[in-house]
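Okay, here's what each chain looks like letter by letter:
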Amino acid sequence: HRRQRVQHGPGNKKSEGSSASVIDFRADVPDGHWLKNGVGQGYGWDSRSLDIIDVFTVHHTVSANRDWSELEEQLHVKQIYGQHIAEGRFSPGWSAPGIGYNWRAFPSGRIYYVGSIETVRAAVANENDHIVAVAIVGTITDIRPTEAVIEAVAQLKAAVDASLGREIATQPHRFYGNTQCPCNT
């Protein structure tokens, strides 16, 4: 698959003042079917109007804090894709049609666009209809993320706001429930 490196945020729309390096990786981790016990239950994620999006949520992956080469990042995104489409990942007997977040952000500052903002993903229980979600790779519960990823996520957020034509709230995953995600730092 040919990947497109874009210097802007979602939906391939240029955002003024943004220089975040976002790699459109959706062709490498395509959405498929919802499956229940291996039987197709419908194709893909539900669609939504961009007008309903009002929160940018931040998560972390609870994985190793380390430097990643670009190739390692891409392989990791594919590994996460495999986990998310595995039966039982989100609900017993069910497998999701793709990655539950919209973006994956690495310590390098590279961000991978993995799920359309025009679809309802699976990032925050009972809130997915109105949020978009970025997952920072690593465990940042008590460790501050790299400056590169902090800056890249801030630029991504600005690009999302510009793409939507309005500023939306930013909330950590923990805002919505019983979790420490993403961090205390």
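Residues numbered from 1 in each chain as written. Predicted model: local features only at pLDDT ≥ 70, side-chain atom pairs only at ≥ 80, totals over all residues. Heavy atoms only, no water.

Let's talk about the pattern of salt bridges
To keep it simple, the criterion reads: The term salt bridge refers to a side-chain nitrogen of Lys or Arg lying within 4 Å of a carboxyl oxygen of Asp or Glu. Working definition: helices are DSSP H or I runs of at least four residues, strands are E runs of at least two. Numbering for both runs from the N terminus.
Enumeration over the complete set of coordinates arrives at seven salt bridges. Of the charged contacts in the structure, one is a salt bridge between R110 and E73, with a shortest N-O distance of 2.7 Å. Of this pair, R110 sits in the loop between strand 7 (103-105) and strand 8 (111-113) while E73 sits in helix 1 (residues 70-84), and the two are 37 residues apart along the sequence.

Re the pairing of strand 3 (residues 33-36)
The following threshold applies: A pair of strands is treated as paired once DSSP finds two or more bridges between them.
In this sheet, strand 4 (residues 39-43) lies alongside strand 3 in antiparallel orientation, the contact comprising three bridges. The residue bridging K36 from the neighbouring strand is V39, located in strand 4. Turn length for the strand 3-strand 4 hairpin, with the two strands adjacent in sequence and antiparallel, is two residues, and the turn residue N37 shows positive phi of about 50 degrees. In terms of strand pairing, strand 3 meets strand 6 (residues 94-95) through two bridges, oriented antiparallel. Looking at the pairing, K36 lines up with W94 of strand 6.

A word on the confidence of the model for the chain
Keep this limit in mind: Per-residue confidence from the prediction method is given by pLDDT, with values spanning 0 to 100. Contacts: residue pairs with any heavy atoms within 4.5 Å of one another.
Of the residues in the chain, 82% have a pLDDT of 70 or more, and the chain-wide mean is 81. Note that pLDDT drops below 50 for residues 5-9; the model gives that stretch 24 contacts with residues more than four away or on any other chain. Note that pLDDT drops below 50 for residues 11-19; the model gives that stretch 20 contacts with residues more than four away or on any other chain.

Focus: the side chain of H130
Filter applied, for reference: Burial here depends on accessible area, computed with a 1.4 Å probe over protein chains only, as a share of the maximum for the residue type. Under 20% is buried, over 50% is exposed, and the range in between is partly exposed. Polar contacts, as used here, are pairs of N or O atoms within 3.5 Å; protein pairs need one atom able to donate a hydrogen and one able to accept it. Residues neighboring in sequence count only if both atoms are side-chain atoms.
Turning to its location among the elements, H130 is positioned in the loop between strand 8 and strand 9 (131-136). The buried category is assigned to H130, whose relative accessible area is 14%. Within polar-contact distance, the side chain of H130 engages the side chain of D54 at 2.4 Å.

Regarding the packing of aromatic side chains
Where we set the bar: Only rings of Phe, Tyr and Trp enter the pairing, Trp through its six-membered ring, and a pair is recorded when the two centres are within 6.5 Å. The plane angle decides the type: under 30 degrees is stacked, over 60 is edge-to-face, the rest tilted. Counted as over-ring charges are cases with an Arg CZ or a Lys NZ within 6 Å of the ring centre that also lie within 35 degrees of the ring normal.
For the coordinates displayed, the defined rule picks out five aromatic pairs. Taking the centre distance of 6.1 Å and the plane angle of 35 degrees together, the rings of F56 and W103 count as tilted. Of this pair, F56 sits in strand 5 (residues 55-60) while W103 sits in strand 7, and the two are 47 residues apart along the sequence. Per residue, the accessibility class of F56 equals that of W103, and both read buried. Among the aromatic side chains, those forming a connected cluster through ring pairs are F25, W68, F106 and Y112. The ring of W68 carries the charged tip of R66 above its face, separated from the ring centre by 3.7 Å.

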